[in-house]
Amino acid sequence: MLHTIIKKNSYQDSINLMLLTNSIATMEGLNKVQIMMATPANKDIFKDAGLHTAELEAAESNDMAIVVDTDSAEMMDTVLEKVEQYLNDQSISNKKQGFETVRTWDKAMDALPNANVAMISVPGEYAADEADKALDRGLHVFMFSDNVSVEDELRLKQKAHDKGLLVMGPDCGTGILDGVPLAFANVVNKGRIGLVGASGTGIQEVSTIIDRLGEGVSHAIGTGGRDLKDPIGAITMMDGIRALENHSQTEIITIISKPPAEHVRNEVMELLQSLTKPVVAVFLGEKLEQYEGNVYQAYTLAETAHIAVDLARGNEVKPDYNAGDFSVENADLKEGQKTLKGLYSGGTLASEAAVLISDALGLGTHIKNEEGYVLKHEGQEIVDLGDDKYTQGKPHPMIDPETRSKFIEQAGADETTAVILLDFVLGYGSHDDMASALLPSINKAVAQAKESGRTLHVVATVCGTKNDPQSYDGHVKQLREAGVIVKETNNEAVRTALSIVGLKVEDNQKKHVEGTKSDKKFDLTVSEDIASLVSERPRVINVGLKGFTDALSDTATQFVQYDWRPVAGGNARMAKILSLLK
Amino acid sequence: MNYKSMDEANKAVIDKISGSAPFLVDVVPAKEKIKELNEGKVILHAGPPIQWSDMTGPMQGSCIGAAIYEGWAASEEDAEKQLAGGEVKFIPCHHVNAVGPMGGITSANMPVFVVENRSEGNEAYCIMNEGIGKVLRFGANSQEVIDRLKWMQDILGPTIAKALALTEDGLNLNVIIAKAITMGDEFHQRNIAASLIFLKEISPYIVQLDMDANDRKDVIQFLADTDQFFLNIAMATGKAVMDAARTIQDGTVVTAMCRNGKDFGIRISGMGDEWFTAPVNTPQGLFFTGFSQEDANPDIGDSAITETFGVGGMAMIAAPGVTRFVGAGGFDDALATSNEMTEICVSQNSNFTIPTWDFQGACLGIDARKVVETGIEPIINTGIANKKAGMGQVGAGTVRAPKECFEKAIEAYAVKLGLI
């Protein structure tokens, strides 16, 4: 049965009415509906649809006609109500995106002509090409991507150096430029300590401790893990150091690295000794007996932060910052319960734990890396769960708790385990609530141990600041309430874990001695581009992972999102042809 | 190649486009301008070359209508027999300086617009818009359709021709397009502003003509009723401009895009007249009651010349009134669409600035290389025909040009240049 409603002099455009028709057609109890302006041409369309009525025929071009085929006349009120509602609420709610998204380099440069940093997180096989394109456009590169060959890294870094640009990475997990967190980084107060680090979580640990001690960071320049190895030769580290030397607001320069190639280390040291600013350095695994000249070398990341803060405040540097009382009362271990299981999401934090534990065990201060294990000795195990072995086809353990949960439960089931050591890395890029994500496994492991008559200790450190997107205090509180021993720093956490099994690290009391100034005259000047990189807010083209723009948005940094896809959809032949048609 | 780089060649091509000066100068029976239509039974069709047996319903329906209209056949059966029997020769509109909407079917006595591009001196032709509903271009061919075509041939065409003859130089189409784009037209889905401007420009001349008062009223009424009247003028404009650009036989700028219901065809500047084809997609959109995606004919028509010229779907942001054809989206989606299209274009046309786009110019010059590089396929705003012959339009929506055409084109060009 056909029902007609004519809304006199109610003009709506045809698209609108087609959308309205579609929307009404979804109502139950209607056989057919059509809503159109009652023009002669439209009346024919009504006719074709079998929806022609006398009322419609009488209607005029400026009348809106609603013709419904329905068996229930009562439906018409509902239809009319829905029509009114639709017409009154036509504005389409659309969440406005506050930034521009582009699909090509050209558009990216059009959208942000004064861009100076390209943040690249595309798959490794394409990353070098994109870095090349960024350098050709005069941009510094922050290269989060990994799986870039050493040859490409060397070529890109040389090219950048020759052009007066900086390549941070590849495999650069962390950076802070003028307070702007890049990739996996914390919200750290701005201040007078500048960092250059060949280590992501190393930068995170040092910068967050500096923040919690009440000082701040001017810049944290990540170099990528291979920068101080052969054959790269610390190209980025050295340019980064020069950049901070020339940056007036940076008063203290801090460098962080795992053990470098020896000749590279010597070269870097020579450069550091020729600077006008005091330097704190940590080469994880090096345990020195003295501070030399300009350079205060620390043993741990926490010590690095403390020295930097004391230097910044003009305090005297102490002989040792690592000692303290880390004893735990009533450790209550059963016979045979003597091993530590460090299950880390941060590679450098894992390495630091390995250094301290191997030192306490009298094994020296070596870090090895076998299948993700940075230490594996008579049941003592420190695993870097961010190692490629565990992240193939899976997200990083800072984002995804799954792998760590399994390891926690395994470690809990191991009767020799006395302590599980964990890191909770906060900041941009990381999981938004790792404490809640891991506590079920932690509780399960502890409860199971208890059932079999053992006390399992869990010691953790939270790497973060009170301004991080996740709550630092909330994490600490939640973990403590669950019985986890939470320490301020990884150094303290590891020493606490050691004390539970009755082990201790002996620290050197370092004296300050004259440094050996090099005969070599280092050029300490930097290019204009590098000078402006450290003197201005970064302006970023984010090539790849959209998630990295959160930190940029939150800090009101100018940026463009480049939704990258492989050239020609990855069709190699087409990519080749495109490269020829220049 | 006559240029130092591909970018330089492309710049030369787009300079020809932005420097063009199209004028609407006349309306004449197609056979007066297109000599091929005088050589026996000949029908022009949309898209790259196609045979009767490969044509989809609407194009076949349209051919039948043309055969009846031209008096070659007395009935549909008779027409179909002749068409299937090879008595009628088919030529793509594009091969004879013409373009045609949907089926694009153009025969000897149909009146065509004549657009002269004064910057190059070339001309292009397009049949006149028949209005909406049951129309030949969508494959309808009833007596009503034929009668309207006859009226257009006898009254509408000659009237506009005589009116144009009274103007000093014809109508300057760049001016009309520039005005209408600021009024919300994108020249494919929406031409109401341009159609009104056309009516405003032409009616003072029509009222001066010595003609039957009823006919005059009918002509004015038809122009007033036909919102898409300017579309066909826009198509002839696009053709005149892009053919001039094609005289530069270098570069990778797309100079034509068209569809015959089976294949999508493109030309690029560096490859002259050669077509590069791939199977067409089927448009997605909104349908009249009783019809659905099921009824949609695959993409058809030469009207994509408007997108080639940088308007139509490429200028979606200019026409907030039609943006919702994209789907559920609103203004922001239209903005995103036009912004996306700039990624595959060489430049923007400062002759046609778009207020809703912060007065950025319409897209200018699709670069086939960029289409291949980014995988962004040009978007086309289009009417949707019923796939059955004779049923006419069932909706409107958007469709993408298949990227395979662009891949074939740049590959052929690389071969031509001896690069591979």
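Residues numbered from 1 in each chain as written. Chains lettered and ligands numbered in written order. Predicted model: local features only at pLDDT ≥ 70, side-chain atom pairs only at ≥ 80, totals over all residues. Heavy atoms only, no water.

Moving on to the sheet that holds strand β24 (residues 559-562) of chain A. Residues and elements named next belong to chain A. Pairing is parallel across the open sheet formed by six strands, whose spatial order is β4-β24-β23-β5-β6-β7. The open sheet has two free edges, formed respectively by β4 (100-102) and β7 (167-168), since each of these has just one partner strand. As judged from the four bridges shared by strand β5 (residues 117-120) and strand β23 (residues 540-543), these two strands associate in the parallel manner. Counterpart to Ala118 in the pairing with β23 is Ile541. (Pairing = 2+ DSSP bridges. Helix = DSSP H or I, 4+ residues; strand = E, 2+ residues; numbered from the N terminus.)

This part covers the interface of chain A and chain B. Contacts between chain A and chain B engage 39 residues on the former and 35 residues on the latter. Counting the surface chain A buries against chain B, the share from its top three residues, Ile15, Met18 and Leu581 of chain A, is 21%. The tally of links from chain A across to chain B stands at three salt bridges. Arg573 of chain A is the partner of Glu411 of chain B in a salt bridge, and the nearest nitrogen-oxygen pair spans 2.2 Å. Linking chain A with chain B are 10 residue pairs in polar contact (both at pLDDT 80 or more). Put simply, the parts of the chain that give the side of chain A that touches chain B at least two residues each are α1 (14-25), β2 (30-37), α2 (40-48), β4, α5 (105-111) and α20 (572-580) of chain A. Residue contributions to the side of chain A that touches chain B peak at six residues, all from α1 of chain A. Considering only residue class, the side of chain A that touches chain B consists of 20 nonpolar, 10 polar and nine charged. (Contact = heavy atoms within 4.5 Å. Buried area = accessible area lost by both parts, 1.4 Å probe. Salt bridge = Lys/Arg side-chain N within 4 Å of Asp/Glu carboxyl O. Polar contact = N/O pair within 3.5 Å; in protein donor to acceptor, adjacent residues only side chain to side chain. Nonpolar A, V, L, I, M, F, W, Y, C, P; charged D, E, K, R; others polar.)

Below, the discussion takes up the UniProt feature "domain: CoA-binding" (unreviewed entry) in chain A. Here the UniProt-annotated "domain: CoA-binding" (unreviewed entry) positions come out as residues 190-284 of chain A. Helix makes up 38% of residues 190-284 of chain A and strand 26%. Its end C-alpha atoms lie 25 Å apart. (UniProt positions renumbered as here; feature names shortened; annotations may be inferred.)

Our focus in this paragraph is the environment of Ser75 of chain B. Residues and elements named next belong to chain B. Looking at the secondary structure, you find Ser75 in the loop between α3 (57-69) and α4 (76-84). In the structure, Ser75 is positioned 11 residues away from Ile64 in sequence and 8.7 Å away in space, judged by C-alpha atoms. Within the structure, the side chain of Ser75 is placed 3.1 Å from the backbone nitrogen of Asp78, a separation counted as a polar contact.

Before going further, it helps to examine helix α5 (residues 143-166) of chain B. Helix length check: α5 of chain B, at 24 residues, gives a terminal C-alpha distance of 34 Å against a target of 34 Å (1.5 Å per residue), a fit within 8%. Of all the bends found along α5 of chain B, the most pronounced is centred on Met152 of chain B and spans about 45 degrees. (Expected span 1.5 Å × (residues − 1). Bend = angle between axes of the 7 residues up to and from the residue.)

What follows is about a nonpolar patch on the surface. All names here are of chain B. A contiguous nonpolar surface patch, about 230 Å² in accessible area, is contributed by Val415, Leu419 and Ile420. Tracing the chain through its elements places Ile420 in the segment after α13 (403-416). Exposure remark for Ile420: the relative accessible area of 41% places this residue in the partly exposed category. (Patch = residues over 30% accessible without salt bridge, like charges linked within 9 Å, V, L, I, M, F, W, Y side chains within 5 Å. Areas by Shrake-Rupley, 256 points an atom, 1.4 Å probe, with all protein chains shown as cover. Buried < 20%, exposed > 50% of the residue type's maximum accessible area, 1.4 Å probe, protein only.)

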